[in-house]
Amino acid sequence: MNFITTIGLEVHIELNTKSKIFSPSPDEYGDEANNNTNVIDWGYPGVLPTTNKQVVADGITAALALHSKVNRHPHFDRKNYFYPDNPKAYQITQHDIPDAQGGYVTIHTGGKTKKITLTEMHIEEDAGKNTHGIKYSYVDLNRQGAPLIEIVSDPVISSPQEAYDYLETLRQIILFSGISDVKMEEGSMRADVNISVRPIGQKKLNNRIEMKNVNSFNYVKRGLEYEEKRQRQILMAGGTIQAQTRRFNENTGKTTLMRTKENADDYRYFPEPDLPSLDISDEWINELRDELPEMPSKRKHHYVDDLGLSSYDANVLTQTKQMSDFFDQMIKDGADAKMASNYLQGNVSAYLNSNQIELKDTKITPKNLTTLINLVKKGTISTKMAKKVFKAVTNGVEPNQFVKKHGMVQLSDPSQLKPIVDNVLTSNPQSVDDFHNGKDRAKGFLVGQVMKKTRGKANPQMVSKLLSEALNK
């Protein structure tokens with residue numbers, strides 16, 4: 001029996017605003033528990049929320065980046081449920097008229113391109129965080145009221161790999177839009193996963209299984225692969241799929257039952273009485289559209305088609321907006337595209353990884369790195385010398401000044417090198433005879449002697465060329 005897999009994803013992305021969506025409390029990750037709260041977050045009687053304008057702007061920005069239609073008059077609703085991390089016993093979200101509808105994300109998967117269409121995108125507040133111990137459970141409300149956008153895909157994803165590729169592409173788009181750091185390890189991007197499996201030929205979808213708040217792309221893929229297999233086995237045995245919410249266990253690679261699935265009626269949605277509908281003007285939308293950064297897909301085309309980079313290089317350079325912006329500035333400063341790409345993927349990435357820092361937190365500048373590359377390209381310094389210069393660049397030192405101060409200018413002038421080459425040949429007749437007798441290593445020895453006499457300053461390529469000319473006379 002063959003089956004069709006249908007997957008839909010609801011992705012929650014925490015925005016990087018300074019304050020929360022409906023209260024003035026700071027929105028900072030990692031602070032001491034319950035420090036970033038006030039009476040609005042705690043749900044005290046009589047308090048009134050006010051909408052953070054920047055959250056609405058970020059929601060519009062996300063909608064524009066995802067080709068969605070921005071609703072001009074969205075309003076907020078109450079989603080009612082009781083849980084210890086939710087002191088109000090309801091969440092303020094958007095249900096009837098969300099921030100935006102429609103849109104799509106174009107992914108590259110399995111050697112083909114596919115458009116994943118979107119149902120809607122809405123803004124809402126996050127809940128707090130529970131930590132469960134052996135005897136006690138702790139509640140941290142620092143996250144209560146943190147601003148979220150929820151992006152809901154249509155059920156058009158047909159495999160766990162497609163789901164993984166969709167999440168990767170979506171993360172990249174949101175990252176480049178500048179509205180979130182989308183760090184899954186900090187909970188700023190989480191996915192609710194819905195999957196339904198049915199036999200080929202059956203038009204009606206079977207009941208779906210949901211996995212909530214999965215905070216790793218790899219866990220999403222593994223959980224879907226397990227669920228796909230589990231549901232197929234149930235159907236092949238003649239069973240039926242029950243609508244459930246399940247938890248993925250990353251240690252076992254299996255899903256376990258949490259509860260039977262709720263539906264919209266369970267949440268008793270109704271309009272939020274304390275917040276008016278929003279009024280979003282065309283002028284504001286156009287202003288935000290003009291401020292939207294160039295998206296990674298367009299940058300990749302530019303890197304490959306205009307700059308001649310490989311698809312692999314283009315993909316690596318657009319993993320983060322920081323790296324892509326840095327590379328773009330290097331090109332503006334006059335760097336060779338391939339050399340700039342190699343340095344960013346090699347020396348710079350190794351430096352960032354070894355020091356566990358981000359590019360924006362270093363003293364490396366596009367101008368200095370471009371200068372270093374041009375010194376190598378022109379033959380002013382050797383690649384060996386460049387390693388020392390790069391270390392200086394990481395400390396904010398200008399390369400030209402460093403090279404001059406330490407006497408590192410490479411000797412490339414043939415008129416200066418030829419007398420030294422002739423002297424080495426005269427002093428090493430046995431190596432000359434060895435070369436003429438077919439011993440290629442002899443030339444390497446002679447190159448080394450020239451480098452020794454010039455204290456490593458001679459251009460090895462020029463030395464090799466002059467030696468070849470002299471030896472082959």
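About the criteria used
- Residues numbered from 1 in each chain as written.
- Predicted model: local features only at pLDDT ≥ 70, side-chain atom pairs only at ≥ 80, totals over all residues.
- Heavy atoms only, no water.
- Helix = DSSP H or I, 4+ residues; strand = E, 2+ residues; numbered from the N terminus.
- Rg over C-alpha atoms; globule rule 2.2 N^0.38 Å.
- Buried < 20%, exposed > 50% of the residue type's maximum accessible area, 1.4 Å probe, protein only.
- Contact = heavy atoms within 4.5 Å.
- Areas by Shrake-Rupley, 256 points an atom, 1.4 Å probe, with all protein chains shown as cover.
- Lys, Arg positive; Asp, Glu negative; His and termini not counted.
- Charge placed at Lys NZ, Arg CZ, Asp CG, Glu CD.
- Axes fitted to C-alpha atoms, helices over the stretch in contact; angles between N-to-C directions.
- Parallel < 35°, antiparallel > 145°, perpendicular 65-115°, else oblique.
- Left-handed = near helix turned anticlockwise from the far one by under 90°.
- Nonpolar A, V, L, I, M, F, W, Y, C, P; charged D, E, K, R; others polar.
- Core = buried A, V, L, I, M, F, W, Y, C linked by side-chain atoms within 4.5 Å.
- Salt bridge = Lys/Arg side-chain N within 4 Å of Asp/Glu carboxyl O.
- UniProt positions renumbered as here; feature names shortened; annotations may be inferred.
- Arc of directions from axis to C-beta.
- Phe/Tyr/Trp six-rings, centres within 6.5 Å; stacked < 30°, edge-to-face > 60°.
- Lys NZ or Arg CZ within 6 Å of the ring centre and 35° of its normal.
- Patch = residues over 30% accessible without salt bridge, like charges linked within 9 Å, V, L, I, M, F, W, Y side chains within 5 Å.
- Pairing = 2+ DSSP bridges.
- Expected span 1.5 Å × (residues − 1).
- Bend = angle between axes of the 7 residues up to and from the residue.
- Polar contact = N/O pair within 3.5 Å; in protein donor to acceptor, adjacent residues only side chain to side chain.

1. Some details on the overall build of the protein chain
Item 1. Per the secondary structure count, the protein chain includes 16 helices and 15 strands.
Item 2. Scaling as 2.2 N^0.38, a compact globule of 473 residues should have a C-alpha radius of gyration of about 23 Å, whereas the protein chain reaches 30 Å, well beyond that.
Item 3. Taken over the C-alpha atoms alone, the protein chain extends approximately 95 × 55 × 50 Å along its principal axes.
Item 4. Relative to its full complement of 473 residues, the protein chain shows a buried share of 48%.
Item 5. Partitioning the contacts of the protein chain with sequence separation of at least 6, the portion at a separation of at least 24 is 67%.
Item 6. When the accessible surface of the protein chain is split by element, carbon and sulfur atoms take 49% of a total near 24400 Å².
Item 7. The distance from the centre of the 61 positive side-chain charges to the centre of the 59 negative ones in the protein chain is 9 Å.

2. Points about the packing of helix α2 (residues 53–65) against helix α5 (residues 282–291)
Item 1. Here α2 crosses α5 at 65°, and the two axes come no closer than 10 Å. Classified by the interaxial angle, the pair formed by α2 and α5 is roughly perpendicular. Where α2 crosses over α5, the handedness of that crossing is right-handed. Here Lys53, Val56, Ala57, Ile60, Thr61 and Leu64 of α2 come into contact with α5, specifically with Trp284, Ile285, Leu288 and Arg289.
Item 2. Of the residues belonging to the contact of α2 with α5, the class tally is seven nonpolar, one polar and two charged.

3. Quick word on the nonpolar core
A general trend in soluble globular proteins is that nonpolar side chains are found buried together.
Item 1. Ile149, Ile151 and Tyr166 are the most contacted members of the largest nonpolar core, which has 63 residues in total.
Item 2. Those residues in contact with Tyr166 that lie beyond four places of it in its chain are Leu9, Val11, Val105, Ile107, Ile116, Leu118, Ile151, Ser153 and Ile157.
Item 3. Counting 32 residues, the second-largest nonpolar core is a separate cluster that includes Leu309, Ile381, Ala386 and Val393.

4. Observations regarding the side chain of Glu14
Item 1. Position of Glu14 relative to the elements: it lies in strand β1 (residues 3–14).
Item 2. No salt bridge is formed by the buried Glu14, whose closest oppositely charged neighbour, Arg190, lies at an N-O distance of 4.6 Å.

5. Looking at the UniProt feature "domain: Asn/Gln amidotransferase" (unreviewed entry) in the protein chain
Item 1. According to UniProt, the positions carrying the feature "domain: Asn/Gln amidotransferase" (unreviewed entry) are residues 325–471.
Item 2. Annotated as 71% helix and 0% strand, the span residues 325–471 places its first and last C-alpha atoms 49 Å apart.

6. Describing helix α14 (residues 429–436)
Item 1. Listed in full, the buried residues belonging to α14 are Ser431, Val432, Asp434 and Phe435. Seen end-on, α14 carries its buried residues on one side only, within an arc spanning 160°.
Item 2. Buried residues in α14 make contact with α13 (414–427), α15 (441–453) and α16 (460–471).
Item 3. Directly beyond the C-terminal end of α14, a positive phi value near 95° is found at Gly438.

7. Some details on the packing of aromatic side chains
Item 1. Tallied over the full model, the rule gives eight aromatic pairs.
Item 2. Where Tyr267 meets Tyr269, the ring centres are 6.0 Å apart and the plane angle is 65°; that geometry is what we call edge-to-face.
Item 3. We classify Tyr267 as buried; its relative accessible area is 14%.
Item 4. Under the relative-accessibility criterion, Tyr269 is labelled partly exposed at 26%.
Item 5. Plain terms: the ring middles of Tyr343 and Phe390 are 6.5 Å apart, the flat faces sit at 50° to each other, and that makes the pair tilted. Of the two residues, Tyr343 sits in helix α9 (residues 337–355) while Phe390 sits in helix α11 (residues 383–394), which places them 47 residues apart along the sequence.
Item 6. A relative accessible area of 8% places Phe390 in the buried class.
Item 7. Grouped by ring-pair contacts, the aromatic residues Tyr81, Tyr267 and Tyr269 constitute a single cluster.
Item 8. One cation-aromatic arrangement involves Lys79 over Tyr267; the distance from NZ or CZ to the ring centre is 4.3 Å.

8. A word on a nonpolar patch on the surface
Item 1. Together, Val39, Trp42 and Tyr44 make up an exposed nonpolar region whose accessible area comes to about 300 Å².
Item 2. For Tyr44, the position within the fold is in the loop between α1 (39–42) and α2.

9. Structural notes on the sheet that holds strand β3 (residues 77–80)
Item 1. Sheet architecture is open: three strands sit in the order β4-β3-β15, paired in antiparallel fashion. Here the strands that pair on one side only, and so sit at the sheet edges, are β4 (90–93) and β15 (270–271).
Item 2. Here β3 runs beside β4; their pairing, made up of four bridges, is antiparallel. For Asn80, the partnering residue across the bridge sits in β4 and is Tyr90.

10. A closer look at the environment of Arg143
Item 1. Tracing the backbone shows Arg143 in the loop between β9 (137–140) and β10 (147–153).
Item 2. With 52 residues separating them along the chain, Arg143 and Gln91 place their C-alpha atoms 13 Å apart.
Item 3. Beyond its immediate sequence surroundings of up to four residues, Arg143 is in contact with Glu14, Asp126, Ala127, Gly128, Lys129 and Arg190.

11. Observations regarding α9
Item 1. Here α9 contains 19 residues, and its C-alpha end-to-end distance of 26 Å stays within 8% of the 27 Å for a straight helix at 1.5 Å per residue.
Item 2. Residue Ser349 marks the point of greatest curvature in α9, where the axis turns by about 35°.
Item 3. The set of residues buried in α9 consists of Ala337, Ala340, Ser341, Tyr343, Leu344, Val348, Ser349 and Leu352.
Item 4. Where α9 is buried, its residues touch α7 (311–317), α8 (321–332), α10 (366–377) and α11.
Item 5. Where α9 begins, the capping side chain belongs to Asp336, and its oxygen is found 3.2 Å from the backbone nitrogen of Lys338.
Item 6. Positive phi shows up at Gln356, right after α9, with a value of about 55°.

12. A few points about the pattern of salt bridges
Item 1. Going through the model one piece at a time under the given rule, you end up with 22 salt bridges.
Item 2. One salt bridge in this structure joins Glu125 and Lys88, with 2.7 Å as the shortest N-O distance. Of this pair, Glu125 sits in strand β7 (residues 112–125) while Lys88 sits in the loop between β3 and β4, placing them 37 residues apart in sequence. For the residue pair Glu125 and Lys88, the accessibility class agrees, reading buried in each case.
Item 3. Residue Arg190 is joined to Asp126 by a salt bridge in which the shortest nitrogen-to-oxygen separation is 3.1 Å. Within this pair, whereas Arg190 is found in strand β11 (residues 189–199), its partner Asp126 is found in the loop between β7 and β8 (129–132), the two being separated by 64 residues in sequence. Residues Arg190 and Asp126 agree in their burial class; the two are buried.
Item 4. Through salt bridges with shared partners, one network takes in Arg299, Lys321, Asp325 and Asp328.

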